[in-house]
Amino acid sequence: MTRPDVPVSSGKNMKKTKLGIVGCGFLGTIIVDAWRNGLLDDYDIVGCTSRSWESAESLAKQAGCTACRDIDELLALAPDYVLEAASPSALQAIAEKVLRHGASLVVLSIGAFADADFLAHVTKTARESGTRVHLASGAIGGFDVLRTASLMSSVKSSITTQKGPASLKGTPVFKESLLTDDEATTVFSGSAKEAIALFPTKVNVSVATALATTGAENTRVTIHSVPGFKGDDHRIEVIGDE
């Protein structure tokens, strides 16, 4: 997560950045755990909200902050930053309201920005509001290198991902036969924009790559189901004159 510049003073009067969290599941818990372990000393977590009230209450208890029923209650706590750790649809629902309220936004569900109109609207809103949107690079190493290469010359970008068959359950491409196949199966080949439409919560890395390089419509995505494989393996290729 990008740390904003925070004006500080020595001693007990040190001013901290107020942070609100949207999404109280696995990712939100990682953020709170990091904060509790002293990795986010510049921040105070003031509140959290989630689709599930039980999840919000549970995370709020861990963070010692306020559980909020919705984004309006969270913004009433005047956070400087709101960290979205929910889903692309949740981001689309809260982004404008957060930015108009004067809070900057840290985005984990980058896949939402495969929608070019939404990306343009959020960019315009942030500029008008004097706020910022930070994209967490997540699983992508060398995010800045990808961006620099794409700015230096015209490039072609692609990402090839290997996934275990079980991780594809609940998606349109899953078949029971994937669990018993002996060889890898290509389950998707298309653009990053098409990928995020088919896998709303599973290809944020692809869209992040696209935003750093050639855009969601021009970045090619290939996904392989690999028997016995656990986790994700991403190979990113950016080819250009440089």
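Residues numbered from 1 in each chain as written. Predicted model: local features only at pLDDT ≥ 70, side-chain atom pairs only at ≥ 80, totals over all residues. Heavy atoms only, no water.

The next thing to look at is the overall build of the chain. What the chain contains, in helices and strands, is eight helices and 10 strands. Across its three principal directions, the C-alpha atoms of the chain cover 60 × 45 × 30 Å. Counting every position in the chain, which comprises 242 residues, the buried fraction comes to 43%. Look at the contacts in the chain between residues 6 or more apart in sequence, and 70% of them connect residues 24 or more apart. (Helix = DSSP H or I, 4+ residues; strand = E, 2+ residues; numbered from the N terminus. Buried < 20%, exposed > 50% of the residue type's maximum accessible area, 1.4 Å probe, protein only. Contact = heavy atoms within 4.5 Å.)

Glancing now at the confidence of the model for the chain. Of all residues in the chain, 94% attain a pLDDT of 70 or more, and the chain-wide mean is 91. Confidence drops under a pLDDT of 50 for residues 1-11, and excluding neighbours within four residues, the segment shows 20 contacts in the predicted structure. (pLDDT = per-residue confidence, 0-100.)

This paragraph deals with empty space enclosed by the protein. Scanning all chains against the criterion turns up one cavity of 30 Å³ or more. For the largest cavity, the calculated volume is near 30 Å³. Along the walls of the largest cavity sit Thr161, Lys163, Lys202, Val203, Val205, Ser206 and His234, which together make up its complete lining. For the lining of the largest cavity, the secondary-structure elements that each account for two or more residues are strand 7 (155-163) and helix 8 (204-212). (1 Å grid on protein atoms, 1.4 Å probe; cavity = no way out; pocket = protein on both sides within 12 Å on 5 of 7 lines; lining within 4 Å. Points joined across faces, edges and corners; volume = space filled by probe spheres on them.)

Looking now at a nonpolar patch on the surface. On the surface, a cluster of nonpolar side chains totalling about 320 Å² of accessible area is made up of Phe26, Leu27 and Ile30. Among the secondary structure elements, Phe26 is positioned in helix 1 (residues 26-36). Residue classification places Phe26 among the exposed positions, given a relative accessible area of 67%. (Patch = residues over 30% accessible without salt bridge, like charges linked within 9 Å, V, L, I, M, F, W, Y side chains within 5 Å. Areas by Shrake-Rupley, 256 points an atom, 1.4 Å probe, with all protein chains shown as cover. Salt bridge = Lys/Arg side-chain N within 4 Å of Asp/Glu carboxyl O.)

Residues Val82, Leu91, Val98 and Leu105 are the most contacted members of the largest nonpolar core, which totals 43 residues. Listed in part, the 20 residues of the second largest apolar core include Leu19, Val32, Ile45 and Ala85. (Core = buried A, V, L, I, M, F, W, Y, C linked by side-chain atoms within 4.5 Å.)

A few words on the environment of Leu198. Among the secondary structure elements, Leu198 is positioned in helix 7 (residues 192-198). Each C-alpha atom of the pair Leu198 and Val173 lies 8.6 Å from the other, and the pair is 25 residues apart in sequence. In contact with Leu198, not counting residues within four places along its chain, are Pro172, Val173 and Phe188.

The next thing to look at is the sheet that holds strand 4 (residues 81-84). The strand order across the open sheet built from six strands is 3-2-1-4-5-6, with neighbouring strands paired in parallel fashion. The strands lining the two open edges of the sheet, one partner per strand, are strand 3 (66-68) and strand 6 (133-135). Pairwise comparison of adjacent strand axes, ignoring direction, gives a mean angle of 25° for this sheet. Here strand 4 pairs with strand 5 (residues 104-107) via four bridges, running parallel. Opposite Glu84, over in strand 5, you have Val107 as the bridge partner. Those strands touched by helix 4 (residues 88-100) are strand 1 (17-22), strand 4, strand 5 and strand 6, and its axis lies near 155° from that of strand 5. (Pairing = 2+ DSSP bridges. Axes fitted to C-alpha atoms, helices over the stretch in contact; angles between N-to-C directions.)

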